[in-house]
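The residues making up each chain are set out below.
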Amino acid sequence: NPYAGLVSHLRASWLSGKTRPMKYRVAQLEALGRFLDDKKQEILEATELDMGKPSFEAFFSEILLCKNELNVTLNNLSQWMKDEYVDKNLVMQLDSAFIRKDPYGVVLIIAPWNYPIYLFLVPLIGAIAAGNCAIIKPSEISKNTERLVAETLSCYLDNDCFAVVTGGVPETTRLLENKFDYIFFTGSPPVGRIVMTAAAKHLTPVTLELGGKNPCYVSDTCDVTNVARRVAWGRFFNAGQTCIAPDYLLCTIEMQEKLMPALREAITEFFGPNPKESPDFGRIVSDKQFRRLRALLSSGRVALGGQTDEAERYIAPTVLVDVQPSDPIMQEEIFGPILPIVVIANMDEAIDFINARPRPLALYAFSCDSKIVNQVLERTSSGGFCGNDTLMHVTLTSLPFGGIGNSGLGKYHGKFTFDTFSHHRGCLHRNMGLETLNSPRYPPYTQQKLGLLTTTFEVKRRGTCTLL
Amino acid sequence: MEKMQQIVGRARAAFSSGRSRPLQFRIQQLKALERMVQEKEKEILAALKADLNKSGPNAYSHELLGVLRELVQAVEKLPSWAAPHPVKKDLLTLRDKAYIHYEPLGVVLVIGAWNYPFLLVMQPLIGAIAAGNAVVVKPSEVSENTARLVAELLPQYLDKDLYTVVTGGVPETTDLLTQRFDHILYTGNTAVGKIVMAAAAKHLTPVTLELGGKSPCYIDTDCDLAVACRRITWGKYMNCGQTCIAPDYILCHPSIQGRVVENIKETLKEFYGEDVKSSPDYGRIVNQRHFKRVKSLLEGQKIALGGETDEASCFIAPTILTDVSPESKVMEEEIFGPVLPIVTVKSVEEAIEFINLREKPLALYVFSNNKQLIRRVIAETSSGGMTANDVLMHSVVPDLPFGGVGHSGMGAYLGRYSFETFSHRRSCLIKDLSWEAVNKLRYPPGSMEMMHL
């Protein structure tokens, strides 16, 4: 296996214990910070070449949000690393019971192309903070960023403990044959299945950040202008190539009539009369994706946008109406700047529509009536939920980010990344004395001893009744 | 295949009805389980005796007590576990509501093991019910009396559609695993763990795997050997060695090996009397296949104590092997029997190296008066869990997660951890539809000045 040597080299470094001390981890994390600072311009340029990512967006997601995660981690690392002491029962008062955070060992992080820095760097922050060694596999589709990461990351991180592997499907397949102690994968559900199947051979735990069609329900009682802006922002950010973008809109025909001019106005406000000329609107990452998206434009009817330019891989911010649930655009995650509107009669129908489909990564509901927002939340299931906005729930590092069902398993961001990459080991340090306290547990077993055990383990419920 | 489809389909329909969501319903089901354990105590103990020759007080304290504790804890703590957890907000979200919303996953599968056959289906079941799921329970067919009893009793006490028991062996389990579940908790061995995870991968189903391994037990020269050996004897020979967290083998300095054997010998007399075979408190190997497997581990070994076997009754005497070679068969696989090999090491460094060359175990034990040494062993090794100066006990501390790492498993449960394992932690951010001014900062057209804000 072409990567066996690399993996065993990292494993040897891991066994040497070098990644354990907090000082080491902090030094590596600070180096990552310097990477972001030094290479800021190169990152903006590479992502622009890869998918026409507007500098503003690139700075926001690839630099700012990453720095945020880095700072939260550096500020809290010593707290997170500490043994967590837990409550004890009667017999263990002289003992100490705690949860130790053990690193796993050598971890693999596989990143996709749409937020190519963020989606390897934020998991890597947690992996380093938790004391692991890591192999990073950036996406070959965002090839400029891939080259940048492969060539420059090694100048910042300890090469004995961290490595970048490049390549496509064949290389990734061979890489996955090796034994890792944790695999963190961001990408599509079909590939997620492949990764988990490969992991099963070695009993490697995984986090899978996948995707799906994120529904966006807009109720009849809402501030149409603000809704249009927030939905348009979320949909057209990165030319729609965002796993948590609102994928399709559900609303009544009356709301659709109101939304149309508001959406037109929001798009013009954001990108001017000709979005193709705006520096703030991105491009599609590849010809293959462009052609896939262009084909989806035939679903329903184009109400806004619809222009395309193959040479530039440009697809205009587009809104489709008269979309049927059976249309092609409703069969797959769109991952492009196209917003279909599916008309429903009322909230109940919207909820039934959502629940008849695989559970999404994100779910959005817009209403001035908080009861409606709550109802949608209570009666559906999704990785995460945002009421009256889009995307923003993932910028708060205290909220765990992850999917459910087809949209993924596991979660990260903030402390959750650290927890993802550490094994929580239950530890009990007992006293060697007080052996008489142990005697009820030893054979010969008697009813009397059993009575003592029952009492000391506090099986009887405190109080006589529990009121709900 | 069709039968399994129907069973899971029925559970899913029951879950979709929403009736397992209200806390009141879940608590009512948990209390029904409590009544079941109390009312059917005799029947449960009889099944455990038939399956594993566990005596009354033994079976009660090792299985029923643990189940009752989980039930009491779940009923008491459920309201606080299930309540939305507000999270710390930042500048941009100060005016918003941000919290983690606990939700059931859907239909979960619990696959039990045969060594603590009642405990190992009930404890996960309790967590799954508490978290609001529908549950399919598959007890181990090896402990057939307990499996049959669980299949009889659960429908008498619990909602029949939400909670189902499926019995059977490998073919039935394989069939069951082709269905889609929203979580699978499997207790058993490493080989089958891989099969379960591979089946789960097809549906992207998260798994909790409680597996096994060889749990090392290091005895330092600086320790109260009599106490250490008594505690080790208790944990090793309980349930005739068939405990996933039993101390599998001992590592110690050659100079104390003899005394370790002597101390264990004395303790065994204290526990089981002069004639172990006639003690009501000493168990039997679960079946012929495992009996033959454990017996074969004795071949070519230096037997310092025990070694007697009786195939007819699946009896293997408490046995100690000394000067065991690391390459021998008994040091390759998890023993899961009353055979205790001692491997001598010259120092704690050697012990740590020995442990780290092998797969990560489910449990790890170290006996020493030296706190520094204990801290060092913890820091330089990894294991599912560990106890210093005793064995098994970390698994009964209510707030410690119980689970493996590496080949000994993934995920954890018991107490609050069961609830979290079987729940989806959904992030919720609820904003106001007004206050658009703050949002303007993020909208295009963007400018570098905005970025520096």
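Bear in mind the structure is a predicted one, so any value in this text is a computation, not a measurement. (Residues numbered from 1 in each chain as written. Chains lettered and ligands numbered in written order. Predicted model: local features only at pLDDT ≥ 70, side-chain atom pairs only at ≥ 80, totals over all residues. Heavy atoms only, no water.)

Quick notes on the UniProt feature "active site" (unreviewed entry) in chain B
Residue and element names in this part refer to chain B.
So, step 1. Residues given the UniProt feature "active site" (unreviewed entry) here are Glu210 and Cys244. In three dimensions, the annotated residues from a span of 35 residues occupy one location, with a maximal C-alpha spread of 9.0 Å.
So, step 2. Each residue touching glutamate 210, except ones within four places of it in the same chain, is listed here: Tyr186, Thr187, Gly188, Phe402, Gly403, Ser408, Gly411, Ala412 and Tyr413.
So, step 3. As for its position among the elements, cysteine 244 is in the loop between α9 (225–237) and β9 (249–252).
So, step 4. Once residues within four sequence positions are removed from consideration, cysteine 244 is found in contact with Asn115, Leu211, Ser215, Glu334, Phe336 and Leu362. (UniProt positions renumbered as here; feature names shortened; annotations may be inferred. Contact = heavy atoms within 4.5 Å. Helix = DSSP H or I, 4+ residues; strand = E, 2+ residues; numbered from the N terminus.)

Some details on the side chain of Thr390(A)
So, step 1. For Thr390(A), the position within the fold is in the loop between β16 (384–387) and β17 (408–409).
So, step 2. Here Thr390(A) is in contact with Arg230(A), Val231(A), Trp233(A), Gly234(A), Pro246(A), Tyr364(A), Phe366(A) and Arg442(B), once residues within four sequence places are set aside.

Some thoughts on the domain arrangement of chain B
Residues and elements named next belong to chain B.
So, step 1. Under the domain assignment used here, chain B contains domain 1 (1–211 + 408–429) and domain 2 (216–396).
So, step 2. Placing a centre on the C-alpha atoms of domain 1 and another on those of domain 2 gives a separation of 31 Å.
So, step 3. Carbon and sulfur atoms make up 50% of the area that domain 1 and domain 2 hide from each other, which totals about 1,400 Å².
So, step 4. Here domain 1 is connected to domain 2 by seven residue pairs in polar contact (both at pLDDT 80 or more).
So, step 5. A total of three residues in the side of domain 1 that touches domain 2 trace back to one element, the largest contributor, which is helix α4 (residues 56–82).
So, step 6. Of the residues belonging to the side of domain 1 that touches domain 2, the class tally is six nonpolar, six polar and three charged. (Domains from an automatic or database assignment. Buried area = accessible area lost by both parts, 1.4 Å probe. Polar contact = N/O pair within 3.5 Å; in protein donor to acceptor, adjacent residues only side chain to side chain. Nonpolar A, V, L, I, M, F, W, Y, C, P; charged D, E, K, R; others polar.)

Some thoughts on the pattern of salt bridges
So, step 1. Enumeration over the complete set of coordinates arrives at 50 salt bridges over all chains.
So, step 2. Ionic pairing is found between Arg430(A) and Asp95(A), a salt bridge with its closest N-O pair at 2.9 Å. With Arg430(A) in the loop between β18 (422–429) and α15 (447–456) and Asp95(A) in the loop between β1 (84–85) and β2 (96–103), this pair connects stretches of sequence that are 335 residues apart.
So, step 3. Judged by relative accessible area, which is 6%, Asp95(A) ranks as buried.
So, step 4. When the shortest N-O distance is used, the salt bridge between Arg230(B) and Glu435(A) registers 3.7 Å. Residue Arg230(B) is found in helix α9, and its partner Glu435(A) is found in the loop between β18 and α15; the two belong to separate chains.
So, step 5. One salt-bridge network, held together by shared partners, links Asp95(A), Arg430(A), Arg441(A) and Asp390(B). (Salt bridge = Lys/Arg side-chain N within 4 Å of Asp/Glu carboxyl O. Buried < 20%, exposed > 50% of the residue type's maximum accessible area, 1.4 Å probe, protein only.)

Considerations on the sheet that holds strand β15 (residues 362–366) of chain A
So, step 1. With respect to topology, ten strands assemble into an open sheet ordered β10(A)-β13(A)-β14(A)-β9(A)-β8(A)-β15(A)-β16(A)-β18(B)-β2(B)-β1(B), the strand pairing being mixed. Unpaired on one side and paired on the other, β10 (301–304) of chain A together with β1 (85–86) of chain B mark the two borders of the sheet.
So, step 2. Relative to the sheet, helix α12 (residues 347–355) of chain A contacts β8 (215–218), β9 (248–251), β14 (338–343) and β15 of chain A, its axis offset from that of β9(A) by approximately 150°. (Pairing = 2+ DSSP bridges. Axes fitted to C-alpha atoms, helices over the stretch in contact; angles between N-to-C directions.)

So, the interface of chain B and chain A
So, step 1. Each partner contributes residues to the interface: chain B has 115 residues there, and chain A has 103 residues.
So, step 2. Taking both partners together, chain B and chain A bury about 9,200 Å²; carbon and sulfur atoms supply 62% of that area.
So, step 3. It is Leu204(B), Leu433(B) and Arg442(B) that lose the most area in chain B upon contact with chain A, and together they represent 10% of the buried surface on that side.
So, step 4. Taken together, chain B and chain A are joined by seven salt bridges.
So, step 5. Arg441(A) is paired through a salt bridge with Asp390(B); the nearest N and O atoms lie 2.8 Å apart.
So, step 6. The interface formed by chain B and chain A holds 45 residue pairs in polar contact (both at pLDDT 80 or more) in total.
So, step 7. For the side of chain B that touches chain A, the element with the highest residue contribution is α4(B), accounting for twelve residues.
So, step 8. For the side of chain B that touches chain A, a count of residues per class yields 55 nonpolar, 31 polar and 29 charged.
So, step 9. Where β16(A) lies against strand β18 (residues 423–430) of chain B, four bridges are found, and the strand directions are parallel. Of the residues in β18(B), the one forming a bridge with Gly387(A) is Ile430(B).

A look at the environment of Val276(B)
All names here are of chain B.
So, step 1. Structurally, the position occupied by valine 276 is in the loop between α10 (254–272) and α11 (288–296).
So, step 2. Valine 276 sits 174 residues away from tyrosine 102 along the chain, and the two C-alpha atoms are 50 Å apart.
So, step 3. Beyond its immediate stretch of four places on either side in the chain, valine 276 contacts Tyr282, Phe315 and Pro318.

Let's talk about the UniProt feature "domain: Aldehyde dehydrogenase" (unreviewed entry) in chain A
So, step 1. Cross-referencing UniProt, the feature "domain: Aldehyde dehydrogenase" (unreviewed entry) maps to residues 19–422 of chain A in the present numbering.
So, step 2. Between the C-alpha atoms that bound residues 19–422 of chain A the distance is 13 Å, and the span itself is 41% helix and 17% strand.

Some words on the packing of helix α2 (residues 22–38) of chain A against helix α4 (residues 55–81) of chain A
Residue and element names in this part refer to chain A.
So, step 1. Orientation of α2 relative to α4, taken along the N-to-C sense of each, is 170°, at an axis distance of 10 Å. On the basis of their axis angle, the class for α2 and α4 is roughly antiparallel. Along the contact surface, α2 presents Met22, Arg25, Val26, Leu29, Glu30, Leu32, Gly33, Leu36 and Asp37, while α4 presents Glu62, Ile63, Cys66, Lys67, Leu70, Thr73, Leu74, Leu77, Ser78 and Met81.
So, step 2. Taken together, the residues of the contact of α2 with α4 break down into eleven nonpolar, three polar and five charged. (Parallel < 35°, antiparallel > 145°, perpendicular 65-115°, else oblique.)

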